[in-house]
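# A look at the structure
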Amino acid sequence: MSDLSVLVIDDNTHMRSLFRAILGGFGIRRVYEAGDGADGLAMMVDRRPDIAICDWLMEPLSGAEFLTILRKDSDPLVSTTPVILVSADARRQVVLEAARLGINEFLAKPVSPATLYQRILRVLTASMGMAQAATAPPPRAARGRAEDVVFL
């Protein structure tokens, strides 16, 4: 995992530090941080991370607004970046709305390192499967669908 780059988008400084520590424990060396969805969008274009981990409830630009704008980006490398959504609000309606907006995985807070690792592996596996099935250079991962979301 040392070749991966991950963008953590969360308005809580402590959560960003926690993610940085967990991801560092996985051997991920390039971890970028953004304090809200607007900064996250700028980092997506500037840094082009392999995966984004995004909080749902943020101000001034929420996770939902971030996803809506991200998935409409004209650059396919940006618009198809896998997103793992993180939220303390794991109600079915929130997860389904996030899936409709294009998340690849959902992770409920509090976050455990083992579960985060599992979600990252699933995103990477989906990306590799698409690469093998495509004839042209594929996007990094398929967008999530409501029926693909696993409720834990």
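Heads up: the structure comes first, above all this text.
Heads up: these notes are all about the structure in this document. Chains are numbered independently. Their residues run from 1 in the order of the written sequence. Per-residue local features of the predicted model are confined to residues with pLDDT of at least 70, and side-chain atom pairs are confined, for both listing and counting, to 80 or more; whole-chain, interface and lining totals are unaffected and use all residues. The side-chain values count all of the structure's non-hydrogen atoms but skip hydrogen atoms and water molecules.

### Describing the sheet that holds strand β4 (residues 83–87)
Strand pairing in a sheet relies on backbone hydrogen bonds, with the paired strands running either antiparallel or parallel. On the basis of which strands lie adjacent, the open sheet formed by five strands has the order β2-β1-β3-β4-β5 and parallel pairing. The sheet is open, and its two edges are formed by β2 (30–34) and β5 (105–108), each paired on a single side. Across this sheet, the average inter-strand angle for adjacent strands is 20°, counted without regard to direction. Alignment of strand β3 (residues 51–55) against β4, held across four bridges, turns out to be parallel. Here, a strand pair is defined by DSSP locating no fewer than two bridges between the strands. Helix and strand assignments follow DSSP, with helices taken as H or I runs no shorter than four residues and strands as E runs no shorter than two, numbered in order from the N terminus. Lines fitted to the C-alpha atoms define the axes, with helices restricted to the stretch that makes contact. Angles between their N-to-C directions range from 0 to 180 degrees.

### Regarding helix α3 (residues 63–71)
Burial classes: relative accessible area under 20% of the type maximum marks a residue as buried, over 50% as exposed, and values in between as partly exposed (1.4 Å probe, protein chains only). Looking at α3, one finds that the buried residues are Gly63, Ala64, Phe66, Leu67, Leu70 and Arg71. Down the axis, α3 shows its buried residues gathered within 160° of arc, on one side only. Each element contacted by the buried residues of α3 is listed here: β1 (5–9), α2 (37–47), β3, α4 (76–79), β4 and α5 (92–101). Directions from the helix axis toward the C-beta atoms define the arc. By definition in these notes, contact holds between two residues if any of their heavy atoms fall within 4.5 Å.

### Some points on the pattern of salt bridges
When a carboxyl oxygen of Asp or Glu is within 4 Å of a side-chain nitrogen of Lys or Arg, the pair counts as a salt bridge. For the coordinates displayed, the defined rule picks out ten salt bridges. Between Arg48 and Asp75 there is a salt bridge, with its nearest N and O atoms 2.4 Å apart. With Arg48 in the loop between α2 and β3 and Asp75 in the loop between α3 and α4, the pair connects residues that are 27 residues apart, well separated along the chain. What emerges from the salt-bridge pattern is a single network uniting Asp10, Asp55 and Lys109.

### Regarding the nonpolar core
For our purposes a nonpolar core is just a set of buried Ala, Val, Leu, Ile, Met, Phe, Trp, Tyr and Cys residues, chained together by side-chain atoms within 4.5 Å. If you look at the biggest cluster of nonpolar residues, it comprises 26 residues, and the most contacted ones within it are Trp56 and Phe66. For this core, the secondary-structure elements that each account for two or more residues are β1, β2, α2, β3, α3, β4 and α5. Per-element tally for this core: the top contributor is α5, with five residues. If we ignore the near neighbours within four places in the chain, the residues touching Phe66 are Ile9, Gly37, Gly40, Leu41, Met44, Cys54, Leu61 and Val83.

### Describing the packing of aromatic side chains
In this scheme Phe, Tyr and Trp rings, the latter by its six-membered ring, pair at centre separations within 6.5 Å, and the angle between planes marks the pair as stacked below 30 degrees, edge-to-face above 60, and tilted otherwise. Here the structure, examined in full by the defined rule, presents one aromatic pair. When the centroid spacing of 5.0 Å and the interplanar angle of 70° are considered together, the rings of Phe26 and Tyr117 count as edge-to-face. Here Phe26, found in the loop between α1 (13–25) and β2, pairs with Tyr117, found in helix α6 (residues 113–133); they are 91 residues apart in sequence, far enough to count as distant. On the basis of relative accessible area, Phe26 is assigned to the buried category, the value being 19%.

### A look at α5
Listing the buried residues of α5 in full gives Val94, Val95, Ala98, Ala99 and Leu101. Burial along α5 is one-sided: seen end-on, the buried residues are contained in an arc of 160°. Across from the buried face of α5, at angles greater than 90 degrees, the exposed residues are Arg92, Gln93 and Arg100. For α5, the elements touching its buried residues are α3, β4 and β5. Two residues or fewer past α5, Gly102 is found with a positive phi of approximately 110°.

Purely geometric stuff here, so don't read any function into it on its own.
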